[in-house]
Number of protein chains: 2
Amino acid sequence: MIYLFGGGKAEGTGEMRDLLGGKGAGLAEMTNAGVPVPAGFTITTEVCNLFYDNDMKAPKGLDVETRNAIKHVEELMGAKFGDPDNPLLVSVRSGAKFSMPGMMDTILNLGLNDETAKGLMKKTGNERMVLDSYRRFIQMFGAVVLGIEREEFESRLAKRKAKARVQQDTSLTPADLKEIVRDFKAVIRRKSPGGFPTDPWTQLSMARDAVFKSWNNPRAITYRRMNEIPSDLGTAVSVQAMVFGNTGNKSGTGVGFTRNPANGAKEFYGEYLTNAQGEDVVAGVRTPKPISQLKKEMPAVYKQLVDITTKLEKYRRDVQDFEFTIQDGELFMLQTRNGKRTAQAAIKIAVDMVKEKLISKEEAMRRLEPSQLDQLLHDRIDPESKVKVMAKGLAASPGAASGRVVFTADDAVMLAQAGEKVILVREETNPDDIHGMEVAAGILTARGGMTSHAAVVARGMGKCCIAGAEAIKVREDRKQFKVGSTVIKERDIISLDGFSGEVIEGAVKTIPPSLSSEFREFMKWADQYRRLKVRTNADTPGDASLAVEFGAEGIGLCRTEHMFFARERLPFVQQLIMADNIVERESALQKLFKYQREDFKGIFQAMLGKPVTIRTLDPPLHEFLPKRHEVEAELAALRSTSADPELIEEKEKILARVHDLSEFNPMLGHRGCRLGITLPEITQMQVKAIITAACDVQKNEKKGAVQPEIMIPLVGHVKEFLHQKEIAQTIAEEVMRKKKVEVPYLIGTMIEVPRACITADEIALEADFFSFGTNDLTQMGLGVSRDDAGKFLGRYQELGIYPEDPFVSIDRAGVGEVVRMAVEKGRKAKPGIKVGICGEHGGDPKSIYFFNEIGLEYVSCSPYRVPVARLAAAQAVLGGEEGRTK
Amino acid sequence: MIYLFGGGKAEGTGEMRDLLGGKGAGLAEMTNAGVPVPAGFTITTEVCNLFYDNDMKAPKGLDVETRNAIKHVEELMGAKFGDPDNPLLVSVRSGAKFSMPGMMDTILNLGLNDETAKGLMKKTGNERMVLDSYRRFIQMFGAVVLGIEREEFESRLAKRKAKARVQQDTSLTPADLKEIVRDFKAVIRRKSPGGFPTDPWTQLSMARDAVFKSWNNPRAITYRRMNEIPSDLGTAVSVQAMVFGNTGNKSGTGVGFTRNPANGAKEFYGEYLTNAQGEDVVAGVRTPKPISQLKKEMPAVYKQLVDITTKLEKYRRDVQDFEFTIQDGELFMLQTRNGKRTAQAAIKIAVDMVKEKLISKEEAMRRLEPSQLDQLLHDRIDPESKVKVMAKGLAASPGAASGRVVFTADDAVMLAQAGEKVILVREETNPDDIHGMEVAAGILTARGGMTSHAAVVARGMGKCCIAGAEAIKVREDRKQFKVGSTVIKERDIISLDGFSGEVIEGAVKTIPPSLSSEFREFMKWADQYRRLKVRTNADTPGDASLAVEFGAEGIGLCRTEHMFFARERLPFVQQLIMADNIVERESALQKLFKYQREDFKGIFQAMLGKPVTIRTLDPPLHEFLPKRHEVEAELAALRSTSADPELIEEKEKILARVHDLSEFNPMLGHRGCRLGITLPEITQMQVKAIITAACDVQKNEKKGAVQPEIMIPLVGHVKEFLHQKEIAQTIAEEVMRKKKVEVPYLIGTMIEVPRACITADEIALEADFFSFGTNDLTQMGLGVSRDDAGKFLGRYQELGIYPEDPFVSIDRAGVGEVVRMAVEKGRKAKPGIKVGICGEHGGDPKSIYFFNEIGLEYVSCSPYRVPVARLAAAQAVLGGEEGRTK
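Residues numbered from 1 in each chain as written. Chains lettered and ligands numbered in written order. Predicted model: local features only at pLDDT ≥ 70, side-chain atom pairs only at ≥ 80, totals over all residues. Heavy atoms only, no water.

Visitor: Pulling in residues and values, what's your account of the overall build of chain A?
Guide: When helices and strands are tallied, chain A shows 36 helices and 34 strands. Seen along its three principal axes, the alpha-carbon backbone of chain A occupies a region of about 100 × 65 × 60 Å. Taken across its 886 residues, chain A has 58% of its residues classed as buried. Across chain A, every contact between residues at least 6 apart in sequence was considered, and the portion connecting residues at least 24 apart equals 68%. Total accessible area computed for chain A in this model is approximately 36,100 Å², and 50% of it derives from carbon and sulfur atoms. Here chain A contributes 123 positive and 122 negative side-chain charges, whose respective centroids are spaced 4 Å apart. (Helix = DSSP H or I, 4+ residues; strand = E, 2+ residues; numbered from the N terminus. Buried < 20%, exposed > 50% of the residue type's maximum accessible area, 1.4 Å probe, protein only. Contact = heavy atoms within 4.5 Å. Areas by Shrake-Rupley, 256 points an atom, 1.4 Å probe, with all protein chains shown as cover. Lys, Arg positive; Asp, Glu negative; His and termini not counted. Charge placed at Lys NZ, Arg CZ, Asp CG, Glu CD.)

Visitor: I'd like a description of the pattern of salt bridges, backed by residues and values.
Guide: Within the structure shown, the criterion is met by 130 salt bridges over all chains. Arg615 of chain B is paired through a salt bridge with Asp618 of chain B; the nearest N and O atoms lie 3.8 Å apart. Pair check on accessibility: Arg615 of chain B and Asp618 of chain B agree, each one buried. One salt-bridge network, held together by shared partners, links Arg597, Glu598, Lys601, Asp696, Lys699 and Lys739 of chain A. (Salt bridge = Lys/Arg side-chain N within 4 Å of Asp/Glu carboxyl O.)

Visitor: Quick one: what's the story with the sheet that holds strand 33 (residues 834-837) of chain B, residue by residue and with numbers?
Guide: All names here are of chain B. In spatial order, the strands read 27-28-29-30-31-32-33-34; together these eight strands close into a barrel with parallel pairing. Within the sheet, the average angular offset between the axes of one strand and its neighbour, ignoring direction, is 30°. Two elements, strand 30 (residues 706-712) and strand 31 (residues 746-751), share four bridges in a ladder whose sense is parallel. Bridge pairing links Ile710 to Ile747 in strand 31. Sheet strands in contact with helix 23 (residues 582-606) are strand 28 (555-559), strand 29 (610-615) and strand 30, and its direction is about 150° off that of strand 29. (Pairing = 2+ DSSP bridges. Axes fitted to C-alpha atoms, helices over the stretch in contact; angles between N-to-C directions.)

Visitor: Which residues make up the sheet that holds strand 7 (residues 107-110) of chain A, and what values go with them?
Guide: The strands that make up a sheet pair up through hydrogen bonds in the backbone, lying either parallel or antiparallel. All names here are of chain A. Read across the sheet, six strands follow the order 2-1-3-8-6-7 without closing on themselves; strand pairing throughout is antiparallel. The outermost strands of the open sheet, each flanked by one partner alone, are strand 2 (9-10) and strand 7. Strands in contact with helix 3 (residues 62-77) are strand 1 (2-6), strand 3 (40-43) and strand 8 (235-241); relative to strand 1, the strand with the most contacts, it is inclined by about 5°.

Visitor: Could you give an account of the environment of Arg341 of chain B, naming the residues involved and the relevant values?
Guide: Residues and elements named next belong to chain B. By the element assignment, Arg341 lies in the loop between strand 13 (330-338) and helix 13 (343-355). Along the backbone, Arg341 and Gly790 are 449 residues apart, and their C-alpha atoms lie at a distance of 31 Å. Excluding its chain neighbours within four sequence positions, the residues that come into contact with Arg341 are Pro261, Asp318, Val319, Ala346, Ile349 and Gln372. At a separation of 2.8 Å, a polar atom in the side chain of Arg341 contacts the main-chain carbonyl oxygen of Gly339. (Polar contact = N/O pair within 3.5 Å; in protein donor to acceptor, adjacent residues only side chain to side chain.)

Visitor: Can you lay out the packing of helix 3 (residues 62-77) of chain B against helix 8 (residues 200-214) of chain B for me, pointing to particular residues and giving the numbers?
Guide: Residues and elements named next belong to chain B. At a closest axis distance of 12 Å, the pairing of helix 3 and helix 8 adopts a crossing angle of 120°. Between helix 3 and helix 8 the crossing geometry is right-handed. Between helix 3, through Leu62, Asp63, Thr66, Arg67 and Ile70, and helix 8, the contact on the second element is made entirely by Trp201, Leu204, Ser205 and Arg208. For the contact of helix 3 with helix 8, the class distribution of residues is four nonpolar, two polar and three charged. (Left-handed = near helix turned anticlockwise from the far one by under 90°. Nonpolar A, V, L, I, M, F, W, Y, C, P; charged D, E, K, R; others polar.)

Visitor: Talk me through empty space enclosed by the protein; I want residue IDs and the actual numbers.
Guide: As enumerated under the stated definition, the model contains 10 cavities of 30 Å³ or more in all. Quantified by volume, the largest cavity comes out at close to 110 Å³. Around the largest cavity, the lining comprises 16 residues; the ones closest to its centre are Pro754, Gly781 and Val818 of chain A together with Pro754 and Ile758 of chain B. Elements with a contribution of two residues or more to the lining of the largest cavity: helix 29 (754-758), helix 31 (774-782) and helix 33 (812-829) of chain A together with helix 29 (754-758), helix 31 (774-782) and helix 33 (812-829) of chain B. By residue class, the composition of the lining of the largest cavity is 11 nonpolar, three polar and two charged. For the second largest cavity, the calculated volume is near 60 Å³. Taken together, Met77, Ala79, Pro87, Leu88, Leu89, Lys123, Met242, Phe244 and Gln327 of chain A make up the full set of residues lining the second largest cavity. Residue composition of the lining of the second largest cavity, by class: seven nonpolar, one polar and one charged. (1 Å grid on protein atoms, 1.4 Å probe; cavity = no way out; pocket = protein on both sides within 12 Å on 5 of 7 lines; lining within 4 Å. Points joined across faces, edges and corners; volume = space filled by probe spheres on them.)

Visitor: Describe the nonpolar core, naming the residues involved and giving the relevant values.
Guide: Counting residues in each nonpolar core, the largest one holds 297 residues, and the members touching the most others are Phe522 and Phe772 of chain A together with Phe522 and Phe772 of chain B. With near-sequence residues (within four places) excluded, Phe522 of chain B lies in contact with Ile347, Ala350, Val351, Ala364, Met365, Leu368 and Leu871 of chain B. By size, the runner-up hydrophobic cluster in this structure holds 59 residues, among which are Leu4, Ala79, Phe137 and Val211 of chain B. (Core = buried A, V, L, I, M, F, W, Y, C linked by side-chain atoms within 4.5 Å.)

Visitor: Please set out the interface of chain A and chain B residue by residue, giving values where relevant.
Guide: Counting residues at the interface gives 56 residues for chain A, matched by 56 residues for chain B. In total, about 5,000 Å² of surface goes out of reach between chain A and chain B, with carbon and sulfur atoms giving 58% of it. One can count two salt bridges joining chain A with chain B. Where chain A packs against chain B, one counts 30 residue pairs in polar contact (both at pLDDT 80 or more). At the level of elements, helix 9 (218-227), helix 25 (645-661), helix 26 (673-678), helix 28 (718-739), helix 29, helix 31, helix 32 (790-798) and helix 33 of chain A are the ones that each hand at least two residues to the side of chain A that touches chain B. Partitioning the side of chain A that touches chain B into residue classes produces 23 nonpolar, 16 polar and 17 charged. (Buried area = accessible area lost by both parts, 1.4 Å probe.)

Visitor: Please set out a negative patch on the surface residue by residue, giving values where relevant.
Guide: Residues and elements named next belong to chain A. A cluster of acidic residues, Asp644, Glu646, Glu649 and Glu650, forms a negative patch on the protein surface. Residue placement: Glu650 occurs in helix 25. Classification of Glu650 as partly exposed rests on a relative accessible area of 46%. (Patch = residues over 30% accessible without salt bridge, like charges linked within 9 Å, V, L, I, M, F, W, Y side chains within 5 Å.)

Visitor: Hey, could you go over the relation of the copies chain A and chain B for me, with residue numbers and the actual values?
Guide: Superposition record for chain A on chain B: RMSD 0.2 Å, screw rotation 180°, translation along axis 0.1 Å. The superposition operator between the copies reduces to a two-fold rotation axis. Taking the C-alpha atom as reference, chain A places Asn665 of chain A closest to the rotation axis, 2.1 Å from it. A share of 100% of interface residues in chain A that are also interface residues in chain B marks the association as one of identical surfaces. (Least-squares fit on C-alpha atoms with pLDDT ≥ 70 in both.)

Visitor: Now, about unusual backbone geometry: what can you tell me, with residues and values included?
Guide: Positive phi, normally seen in glycine, also occurs at Asn109 of chain A, with a value near 60°. By secondary structure assignment, the location of Asn109 of chain A is in strand 7.

Visitor: Tell me about the side chain of Asp539 of chain B, residues and numbers included.
Guide: Residue and element names in this part refer to chain B. Secondary-structure assignment places Asp539 in the loop between strand 27 (533-537) and helix 20 (541-549). In this structure Asp539 comes out as buried when scored by relative accessible area, which is 10%. Side-chain polar atoms of Asp539 contact the backbone nitrogen of Arg559, separated by 3.0 Å. Residues in contact with Asp539, not counting those within four places in the same chain, are Leu557, Cys558, Arg559, His562, Met563 and Ile603.

Visitor: Quick one: what's the story with helix 25 (residues 645-661) of chain B, residue by residue and with numbers?
Guide: The terminal C-alpha atoms of helix 25 of chain B lie 24 Å apart, and with 17 residues this matches the ideal 24 Å at 1.5 Å per residue to within 8%. Buried within helix 25 of chain B are the following residues: Ile648, Lys651, Ile654, Leu655, Val658 and Leu661 of chain B. What you see down the axis of helix 25 of chain B is that its buried residues fit within an arc of 150°, all on one side. With respect to the buried face of helix 25 of chain B, the exposed residues turned more than 90 degrees away are Pro645, Glu646 and Glu649 of chain B. Where helix 25 of chain B is buried, its residues touch helix 32 of chain A together with helix 22 (570-578) and helix 24 (628-640) of chain B. (Expected span 1.5 Å × (residues − 1). Arc of directions from axis to C-beta.)

Visitor: An account of the packing of aromatic side chains is requested, with residue identities and associated values reported.
Guide: A full pass over the atoms with the stated rule returns 42 aromatic pairs over all chains. The side chain of Arg224 of chain B reaches across the aromatic face of Trp215 of chain B, ending 3.9 Å from its centre. (Phe/Tyr/Trp six-rings, centres within 6.5 Å; stacked < 30°, edge-to-face > 60°. Lys NZ or Arg CZ within 6 Å of the ring centre and 35° of its normal.)

Visitor: Tell me about the state of the cysteines, and please be specific about residues and values.
Guide: Here the structure, examined in full by the defined rule, presents zero disulfides over all chains. Cys465 of chain B carries a free sulfur, and the closest cysteine sulfur to it, the one in Cys464 of chain B, is 7.2 Å from it. (Disulfide = S-S within 2.5 Å.)

Visitor: Which residues make up the side chain of Asp209 of chain A, and what values do they have?
Guide: All names here are of chain A. On the secondary structure map, Asp209 appears in helix 8 (residues 200-214). A relative accessible area of 17% means that Asp209 is categorised as buried. With sequence-adjacent residues up to four places away left out, Asp209 is seen in contact with Phe51 and Ala58.

Visitor: For the environment of Gln686 of chain B, give the residues involved together with the corresponding values.
Guide: Residue and element names in this part refer to chain B. Within the secondary structure, Gln686 sits in helix 27 (residues 680-698). Separated by 286 residues in the primary sequence, Gln686 and Ala400 place their C-alpha atoms 37 Å from one another. Not counting the four nearest positions on each side in its chain, Gln686 is found in contact with Thr560, Phe564, Gln596, Phe600, Thr616 and Leu617.

Visitor: Outline the pairing of strand 29 (residues 610-615) of chain A, listing residues and values.
Guide: Residues and elements named next belong to chain A. The buried fraction of strand 29 is high, at five of six residues. Strand direction decides the pairing type here: strand 28 (residues 555-559) and strand 29, joined by three bridges, are parallel. Note on strand 29: the bridge partner recorded for Arg559 is Arg615. By the bridge criterion, six bridges tie strand 29 to strand 30 (residues 706-712) in an arrangement that is parallel. Bridge pairing links Thr613 to Glu709 in strand 30.

Structure follows, in structure tokens:
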């Protein structure tokens, strides 16, 4: 029923998670590895099940075994459970096979009562510490074991603090604490028939049973149901001796790392305090000493610590982050775990360890959290700097920026031209804001999710962005925003941390990115493993070149509409939309044709020898016109000043068109191939521009230099695709005939409508390739508008309905399943069909594991995510999520 | 190569559609059935294929066979091809196995030239008729056979008409027509090297080859691809003698029915003219005589006609609509087909024919177009009345109405209270308009589709509605609308035909519905065949009772939000939404609870012994608040009059909330179970109202009287359902315990999100029933917002992309496939799970055939569609679409 550990050996092993729980197995493993952990024992999960079978009573013999186990601990720790002079205190912790955080609290310092407390004071000479531990123990015991409302204790504590006129718990004197201990005992007396049990053995058996019972508390049941953990596993109970670093000058406590967690350098790194408890190091009351000094103060302990942690690093084959306590000259390791590190350190450590033959290249691949790489490609906030966080939003696009606040794109341009760094703050951005976003150092929006316009565009631009910071109330009309009572006006300085989503008041220091030689080496290794190709989403030659530098192998999505939004072009787009005769429309198209042809030339040139997928016009036309209320305001102003009637008439015409084009649900409206079908001249113009550019570039290059792939968006029915394909083929053949150049081109479709997945076999017979648009597929498949999801998706994540934002990581069971089905149907109908993905999920590691699993050929993501995707693609081959080192 | 027919026998049969085409086979069948059709012959489809194999030349021997065939016709018709004195004229028509309308024109009067025309004039004594036929023949020949632009002829004709100062073709004199013949021949001379061929044999072989060639014209190829008709079938060519009813007083022409097509009475019905051509009867130049008079004028012919048509009716077992010509005392049947009839007649004829043992009950079932039944349940426009159609929209809800135009719901109420019938005209309706829609006689909107708010609500109310009449430009601010240059102001009278979608200027006479004894008998038969149960969508006790009268077997969808919109309740809903503390919210909920409890009591009472499915709150909360621009306008007005600051503040608060709640894509926003999850108190209140009402009604009734089924909307993930189910169960058990009444209840979900279909197995394990919400499933599955689809869906139908509006008839290959998958997954996981459908498709016959096919248990539709659904459900068992008699 019980497994002992301590004194260099344990009865259990690290593999016995079923029987000892995660915690018990871990303690056994550490002990067996020669790590000096405080002695203790684990009561098995089987006992928990017996407890339930036995009508919620401990099975026969458990108490006897427990007494023997405590004896074992007493011998190893040189203290006695319940001994008033030299008391052994223990912690009691639950631990199931699978971690269930928050299911039950830990009980520390069990074994304390008025007598043992006195003994401990004598032993440690620290009356305050002991009294504080004592009152905490009573409180925990009352709440966790006896089920008394926490509030009962908190209110007593609050009263005492008020009486003592102190704010912090730490300011309470020993006399105050004595009163509190008395109060707390009174609470228990009143609320629980037996009162506070002073006998340590009673304390122990009650605590143990409480842990067993907690297995079936409603919180735990719900947690298990949500996480699909079987309910018959039961929990183990680990009982472990408490140790004290504050029993004198031969005692102490500290923390450390086996390598530098900031830069990855191979050096023993840490700090400690003598005659102190662990929390003193963290609390900053006393300044800790660098660990090198321990070598002088306690050379033997130091040597032992270095030996142990070095051994641990070798054994665990990773940097160790450890906590230790020295009790009367004896070293105890309280905790050791794989150390958190910066991205820079992670890369260096991984590459070093491969060279030290400590880990294989595969292991190095598995170990890195791919999204960490983002830190290396963007500015970040100097971790040393103090920041005042005003609000938190979604970390929509990585990077860091400080600058002056502006509220309109035009103001952004003006201030940026004056040489200022600006932060563009908007309720939400829209395509009209592009010119402001381009010059801004960072973007902050009050609404919208991880795939809102601001987020997507900012990521594409590699620009820091925080989206959906709901606490911020933006008043664009007054050029200010509020957070609570704080008002930030135009030109005030704020900073954004795009890694954390934190909005910071005032300026902060930022650190620029630098790509180390280790980074380059590491990425090369990744490329050796991965099967998935990595393309990029890029709309300009500049983005395309940047992406190639980051390792992109082609363009998976070039959004032609982003070209339409450019300042000098928008008037022609508007002319196209407003045209009421073919002549005007043709003249606008002719202008746009010239612009697009030049764009495509630049992109083909940047992508020589690589495939370039270009999507025909996708967004609804009203996105290119001013907003309704803007035109209305303009009109009102014009009328009140009795302006030129012709001007008024023109505005009225625009307003009428805006009204005509307005939609209830634009996401499901007149866009994508629906535009190309109702206005075929747009598709004709775009294909003409693509193929003309392709011919012009190909002429001077060797065969295969230009590989255009024309992509029709929002296809739901094969006949939609056919309609557009016929237009595209006709134009393409005509252009090539005239130019007398042959450019092999493909015509495929975005698969982003559920119906397209269901009928993928029919579409595959006609299409050269599929590119999954998982953004829209998620919106339609889940019935969730990404721009509106903020109102409930947060709550959904809290409730565990969608544990992760489905717009960030693909929803495997739902959307993923539809993608898998479409791939299968498509391949069955046309075995060789090219299949990739160009939605935002193309840059998300977990999604990439999935896309690898279902056999896609490539993923496409924004330039800055290309390294992330390359690594994730390598990890996918090495086992994906499960293969990743936690 | 050629199959002859005429003189009472034919070489082909009605089954030989492959070889003779649809038309040729039909002519053979009629001839063999003893129907005197003008003699002729059919050149087979095989010849067409030989023609293509033979480099576009007629195969050897065809000309000889043709000459023999013509000889056969000459003998039977007593005229000679090309004979200047007694010329035989023929028609030449294409005819493939499958009808391909518009693929090629018919050529009539072939064999005319200057000589034969003169002979025909002599024979008929009708110079004008012959000249008009001649110029038409030249024009057709020129266009169809020689490929000359139709415009060439039209412009000549227009010139002549201008010169003669006449508007109508019929006003041209023989002299004018002679000029035109000359002109047309000149056109052909100029455009075609050989000029107009005067030799009838040449005319015939050229016409034949032109028909063969037309098989591969681009129009035909496109048509075949869109309709999936194989391209190697080829077309047949039917050549048939022309007959003339205007050769003297022993000649004539007429049309008739074997039964009265208006009321179904068994009587010989029709009219005719002596010495006239068919078009004269239609043109109304002379008043035709009732067919009974033919009995006196030509008793033998009359008897033959009655005999033939009676035989035809028996043979075809349906009412015949026939055209005949008498040439020199000899009767020829030009056409006979199953007659179109009113719904009333269709029912009477079907029931009579069953009693006459002419058809079986099954046949009677198959024969009726279910949607015709709608005509019997609603007012319709008197077919005798003359109407001036101003515009056409979607026939969104059947019925007919005349009334005074109003532009706001409040005006509708005011004018209706003054005793006027009103037509509510809106750009589009929204839930705020309900009180106006309730009092209106009809509803007309300029925007929105078949499942727009106006359409759905009007159908539910059984009220005439025309939606999406895009030609109408509504100016609600000016209280007028325009169609072209016509302006209709408030209080002007218009009429709506909800069967045709026609908007009519002025008042028209309408005919009220009446349910005949035949109708009741017919519907009883339908119930004997159907397997699907038919429920209704009803939100009030009144609707529920009406639906039961129409045969509903339960409620499939009760939309609780429709109760929220009632005038006296809306303030409490708004209080709920605006509440910033729990007390206010609870007080609003308490009020709503009382209203809802009474609603549900009434509904349960109306549905005793039948299941009642009640959906928890579905629409986004902003639907319950005023529109943004309305509040803004109010605020502006208040500010300009320096109103009470408190009032202004309140409005500002509302505006802020409206702004908070506004969404980019409300269809995919914060609605359905997402509301119940973020605001669980709403679900709690609704379930409490449902179960309290159920207990109160059950108390006084026998077991099984009340069968509530609680339905959670918009579930995409099983965890969403679980969350709401737990709330519902807790409340339900609590209420029943308190009331001490047991009411068996079910908790199920609407399946309307694609993800729910994909994961239907998981959801089925938790849900008692599935009810498919195919409206939203279509919106999400196709990525089409029904309210915005008007902008492209019309074009899509024209192009054949979606041959039918997928919001009217379910898209089988896409949305249907997803439903089928969900049913299979759901049943596999939980074999007994109850599965129905409550989307608008539940009242559409074609969709019902599909739902029967995939094994649903019931469909649910608006009360007025219940009879339609009952019949369609019977037809589904009898073979569905294919089983239906065309």
